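Spelled out, the chains give:
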Amino acid sequence: MERFLPCLYAVLACGGFCLIFEVKKPLFVLLCSLNGGVSWLVYLLLEGVCPQATRYLIATIVVSVLAELMARVLKAPATIFLIVGIIPLVPGGGLYYTMEALLSGDTALFARTALETAACAGAIAVGVSMVSSLARLLFRKHLVEGRQP
């Protein structure tokens, strides 16, 4: 139960971001919010199994695949589901603690937290790029094959 309550909070927060991003259809709001909850659930389930940046990467890959699938099924842009889905993964705490260490003059802590935060942000970027590229390749291949007699 301790792992599922933060996922509920992630779903609610993603619902709020759907309002900010003006997602109009109620089904899209629900799916975007659930995608955010899934991202945080995957991240939490991998705790203690692999390093933090790897957890970010795997969670981002799962969310990106779900976003691409939802986009294909609902004939909507994948960006809607993807951006809202990765919001719980954004390393805001890492950025805060990096800046706090910088302002307090603790160079060693600043360097360590900056590298950890950059690794997490990089893992998110790599996960999104990897799945998006694969989806485009597969979709393009499917289109090309579909046009041939």
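Criteria and thresholds
Residues numbered from 1 in each chain as written. Predicted model: local features only at pLDDT ≥ 70, side-chain atom pairs only at ≥ 80, totals over all residues. Heavy atoms only, no water. pLDDT = per-residue confidence, 0-100. Helix = DSSP H or I, 4+ residues; strand = E, 2+ residues; numbered from the N terminus. Buried < 20%, exposed > 50% of the residue type's maximum accessible area, 1.4 Å probe, protein only. Contact = heavy atoms within 4.5 Å. Expected span 1.5 Å × (residues − 1). Core = buried A, V, L, I, M, F, W, Y, C linked by side-chain atoms within 4.5 Å. Disulfide = S-S within 2.5 Å. Axes fitted to C-alpha atoms, helices over the stretch in contact; angles between N-to-C directions. Parallel < 35°, antiparallel > 145°, perpendicular 65-115°, else oblique. Left-handed = near helix turned anticlockwise from the far one by under 90°.

Participant: Any chance you could break down the confidence of the model for the protein for me, citing the residues and the numbers?
Facilitator: Of all residues in the protein, 93% have pLDDT values of 70 or greater, and the mean over the chain is 90. Mean pLDDT values for the elements of the protein range from 87 in helix H6 (residues 107–147) up to 95 in helix H5 (residues 92–104).

Participant: Talk me through the side chain of Ser 33; I want residue IDs and the actual numbers.
Facilitator: Of note, Ser 33 is situated in helix H2 (residues 26–45). Using a relative accessible area of 5% as the deciding quantity, one classes Ser 33 as buried. Sequence-distant contacts of Ser 33, that is, excluding residues within four places in its chain, are made with Val 11, Cys 14, Gly 15 and Cys 18.

Participant: Residue-level account of helix H3 (residues 52–74), with values.
Facilitator: What sets the pattern is the α-helix's 3.6 residues per turn: residues three or four places apart point alike. For H3, which comprises 23 residues, the first-to-last C-alpha distance of 33 Å matches the rise-based estimate of 33 Å (1.5 Å per residue) to within 8%. Those residues of H3 lying buried are Arg 55, Tyr 56, Ala 59, Thr 60, Val 63, Ser 64, Ala 67, Glu 68, Met 70 and Ala 71. Among the residues trailing H3, Lys 75 stands out with phi positive, at a value near 55°.

Participant: Residues and numbers for the nonpolar core, please.
Facilitator: The tendency in soluble globular proteins is for nonpolar side chains to be buried side by side. Judged by nonpolar contacts, the single largest core of 26 residues is most densely connected at Tyr 43, Tyr 56, Phe 81, Leu 82 and Leu 89. Within the residue set of this core, elements represented by two or more residues are helix H1 (4–20), H2, H3, helix H4 (78–86) and H6. In this structure, Tyr 56 is in contact with Tyr 43, Leu 89, Pro 91, Cys 120, Ala 123 and Ile 124, ignoring residues within four places of it in sequence.

Participant: Would you mind going over the state of the cysteines in detail, with residue names and values included?
Facilitator: Scanning the entire structure with this criterion turns up zero disulfides. Free of any disulfide, Cys 18 has its nearest neighbouring cysteine sulfur in Cys 32, separated by 4.3 Å. Overall, the relative accessible area of 0% leaves Cys 18 in the buried class. The thiol of Cys 120 is unpaired, and the distance to the nearest cysteine sulfur, on Cys 50, comes to 11 Å.

Participant: Tell me about the side chain of Asn 35, and name the residues and values.
Facilitator: As for its position among the elements, Asn 35 is in helix H2. Aside from chain neighbours lying at most four places away, what touches Asn 35 is Val 63, Leu 66, Ala 67, Met 70, Phe 81 and Gly 85.

Participant: Give a description of the environment of Ala 108 that names residues and reports values.
Facilitator: Following the sequence through the fold, Ala 108 ends up in helix H6. As for Ala 108 and Ala 71, which are separated by 37 residues in sequence, their C-alpha atoms are 44 Å apart.

Participant: How would you sum up the packing of H2 against H4? Please name residues and give values.
Facilitator: Taken N-terminus to C-terminus, the directions of H2 and H4 make an angle of 40°; their axes are 7 Å apart at the nearest point. One finds that H2 runs oblique with respect to H4. As H2 packs across H4, the resulting crossing turns out to be right-handed. Contacts between H2 and H4 involve Phe 28, Leu 31, Cys 32, Asn 35, Gly 36 and Ser 39 from the former and Ile 80, Phe 81, Val 84 and Gly 85 from the latter.

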